[in-house]
Amino acid sequence: MQSKNDPDRGNQNLFAALRAGFPAALDAVAVETDDGLLYSWRDLERASAMLANLLLSLQLPEGARIAAQVDKSVEAMLLYLATLRAGLVYLPLNAAYQSAEIEYFIGDAEPAVVVCSAKNFGWVSKIAFKAGTGYVFTLNDDRTGSLLERAAACSDGHRVAQRRSDDLAAIIYTSGTTGRSKGAMLTHGNLLSNARVLKAYWGWRSGPQGGDVLIHALPIFHVHGLFVAIHGALLSGGKMIWFNRFEPRRVLQRMAQATVFMGVPTLYVRLLAEPALDRQAVARMRLFVAGSAPLLLETFTQWQERTGHTILERYGMSETVMLTSNPYFAEHGQRRGGTVGFALPGVSLRVHDEQGRALAAGGVGGIEVKGPGVFKGYWRMPEKTAEEFTADGYFKTGDVGKIDDLGYVSIVGRSKDMFISGGYNVYPVEIEDQINQLPGVAESAVIGIAHADFGEVGVAVVVARPGAALEAAGIIASLKSKLANYKIPKHCVVVDDLPRNSMGKVQKNVLRARYAGIKGDG
Ligand code: MLC
Ligand code: AMP
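**Here we look at the site of ligand 1**
With respect to spatial proximity, 22 residues lie near ligand 1, and among them Arg270, Ser292, Arg314, Ser421 and Lys490 are the closest. A distance of 3.2 Å separates an oxygen atom of ligand 1 from a polar atom in the backbone of glycine 316. Across the complex, the protein chains shield 74% of the 1000 Å² of accessible surface that ligand 1 would expose by itself. Counting residues per element, the ones that place at least two in the shell around ligand 1 are α8 (223-235), α10 (265-272) and β13 (312-317). Classifying every residue of the shell around ligand 1 gives 8 nonpolar, 9 polar and 5 charged.

Structure (structure tokens):
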């Protein structure tokens, strides 16, 4: 709660609201890393102030973007918080992106500052300076790098920049089925409203005794780890047990000290493979949240049987933050496997057919949404933004689903050619474009097939030019330097031709059926 004398009173900067959630006891532990480092709430306050002062000392223009392509660390989270409090715009980039991908994002977003790992400084700084970036700093996951060296000389007092809820806080890039990746522009208001709704809906608990303790084991360059998890903990003054990498055995051991866990389905599958997972191991936990990809009913049921806990599945996207959730409180209803729950308070969610007609309960169609979390538009793409909204202001998610009589939403497919591997979206067109540029390739089709660990993985089906000899392993190897690791197909097959329908369109459903059980390289 902001008091009358609070300097942040009336300030709609997301950081001001997060900080208002910090407990009064600022010396209490806010973040404990799995390898034993402790950060107090005061440390978060002071370190984010120092980093904000460093950014301000650069005298950047209003709305300047701060891009970060770094390995996960608490300091990377502090850079995010510093960017918010300085009133600048945060642009997180997956640490697995390769140079062509980074070149595109930096060229498109034109960040004033780029922060990268020291090991990547050579190539990242070359791309950034060429694109007009003024400053490139380094930040490593062991608290070294020029960013922290420079911030160490800055004051630890900083007044949070005044922002309106409609001002930009972050840009999250999402790929698409055609052409270029798009930067989804999220405002302070988008992020704060969603964080507040989730705090209430999931019953986040505050206080030195009985306050929540979150195990944070997700990457922090996407919505799930960066916003849903971090905002939830900070807003309720809850401690985080921090993992730079997901390690199932260690995560499970830490559940003895935690109350909340969030993961993509792959994390649950890997935890289920741990023999030590039982009711006793999770006795202190109160909430398991899953999202970013479909949670198989099998995983949902096995988790219930092994732990006695019912996973709460929710649904969202970069453009909208969280949209639906299964209930936490019993009075709101039951958590139903195979569904993503109800539209969250404030979210209006409907299912329409291809002609734009509303469907009755149970009807399957495109999911469209409206609400305070829905983004401001795609960065510098007004036409693309307009295309994705209906005339009455609903955002077209590209997901296909249905709503039952009680209001439970189920996702049954996607209208976009996309699959989700280990919680990351993969757009086949991006991979096909790369394969098609390889010597000797006539054409290709990439499909997603079911996979026990990652949910779905890619299969590349490639046709050689007449007389050219192609090898599957060589194709995969060439892609590795061009695309982030999760986009690399796990299988590649060279075929004589692709199945097509009477219109000449490649029949990906035929390919999916053909390669459903593929093992090895062909
Ligand atoms: C790694 N690999 C993947 C992969 N991650 N392949 C496919 N899909 C993935 N997601 C590759 C590696 O490059 C390696 O290839 C091989 O698989 C084995 O790697 P690993 O050691 O098992 O991978 P690991 O480092 O453990 O990573 C797996 C993971 C990670 C599941 C922990 O992918 C992850 O953290 N996923 C979470 C994604 C996430 O946060 N999504 C939220 C998006 S927000 P090789 O060839 O080198 O051996 C969003 C909105 C919403 O969607 O609603 O939340
Ligand atoms: P992203 O663009 O990375 O934010 O991913 C958003 C997409 O992830 C959505 O459009 C959905 O297709 C998918 N998604 C998120 N949560 C779920 C879920 N619980 N079940 C199925 N798909 C999901």
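Back to the write-up after that little detour.
**As for the packing of helix α2 (residues 41-57) against helix α3 (residues 74-85)**
Following both chains from N to C, one finds α2 and α3 inclined at 60 degrees, their axes separated by 8 Å at the closest point. As α2 packs across α3, the resulting crossing turns out to be right-handed. When α2 is examined against α3, the residues Leu44, Glu45, Ala47, Ser48, Ala49, Leu51, Ala52 and Leu55 are found in contact with a partner set consisting of Met77, Leu78, Leu79, Leu81, Ala82, Thr83 and Arg85. When its residues are assigned to classes, the contact of α2 with α3 shows 11 nonpolar, 2 polar and 2 charged.

**What about the domain arrangement of the chain?**
Looking at the assigned domains, one finds that the chain contains domain 1 (14-27 + 40-193), domain 2 (334-415) and domain 3 (419-514). Centre-to-centre separation of domain 1 and domain 2, based on C-alpha positions: 30 Å. With 22 residues of domain 1 in contact, the opposing surface of domain 2 contributes 11 residues. Taken together, both faces of the contact between domain 1 and domain 2 bury some 1300 Å²; the carbon and sulfur share is 56%. For domain 1, the biggest contributors to the area lost against domain 2 are Lys182, Met185 and Asn190; these three give 40% of the whole. Applying the counting criterion to the domain 1 and domain 2 interface returns 2 salt bridges. In this structure, arginine 380 engages glutamate 110 in a salt bridge whose closest nitrogen and oxygen atoms are separated by 2.8 Å. Where domain 1 meets domain 2, there are 9 residue pairs in polar contact (both at pLDDT 80 or more). Broken down by secondary-structure element, the contributors of at least two residues to the side of domain 1 that touches domain 2 are α4 (99-109), β7 (168-174), β8 (182-187) and α7 (188-201). In terms of residues, the side of domain 1 that touches domain 2 owes the most to one element, β8, which gives 6 residues. Considering only residue class, the side of domain 1 that touches domain 2 consists of 8 nonpolar, 8 polar and 6 charged.

**Re the site of ligand 2**
Around ligand 2, the surrounding shell holds 16 residues, and the nearest of these are Glu313, Arg314, Ser318, Asp399 and Asn425. A distance of 2.9 Å separates a nitrogen atom of ligand 2 from a polar atom in the side chain of glutamate 313. In the model, a nitrogen atom of ligand 2 is placed 2.7 Å from a nitrogen or oxygen of the arginine 314 main chain. For ligand 2, the protein covers 90% of the area, taking 500 Å² as the surface of the free molecule.

Conventions used here
- Residues numbered from 1 in each chain as written.
- Chains lettered and ligands numbered in written order.
- Predicted model: local features only at pLDDT ≥ 70, side-chain atom pairs only at ≥ 80, totals over all residues.
- Heavy atoms only, no water.
- Near = heavy atom within 4 Å.
- Polar contact = N/O pair within 3.5 Å; in protein donor to acceptor, adjacent residues only side chain to side chain.
- Areas by Shrake-Rupley, 256 points an atom, 1.4 Å probe, with all protein chains shown as cover.
- Helix = DSSP H or I, 4+ residues; strand = E, 2+ residues; numbered from the N terminus.
- Nonpolar A, V, L, I, M, F, W, Y, C, P; charged D, E, K, R; others polar.
- Axes fitted to C-alpha atoms, helices over the stretch in contact; angles between N-to-C directions.
- Left-handed = near helix turned anticlockwise from the far one by under 90°.
- Contact = heavy atoms within 4.5 Å.
- Domains from an automatic or database assignment.
- Buried area = accessible area lost by both parts, 1.4 Å probe.
- Salt bridge = Lys/Arg side-chain N within 4 Å of Asp/Glu carboxyl O.

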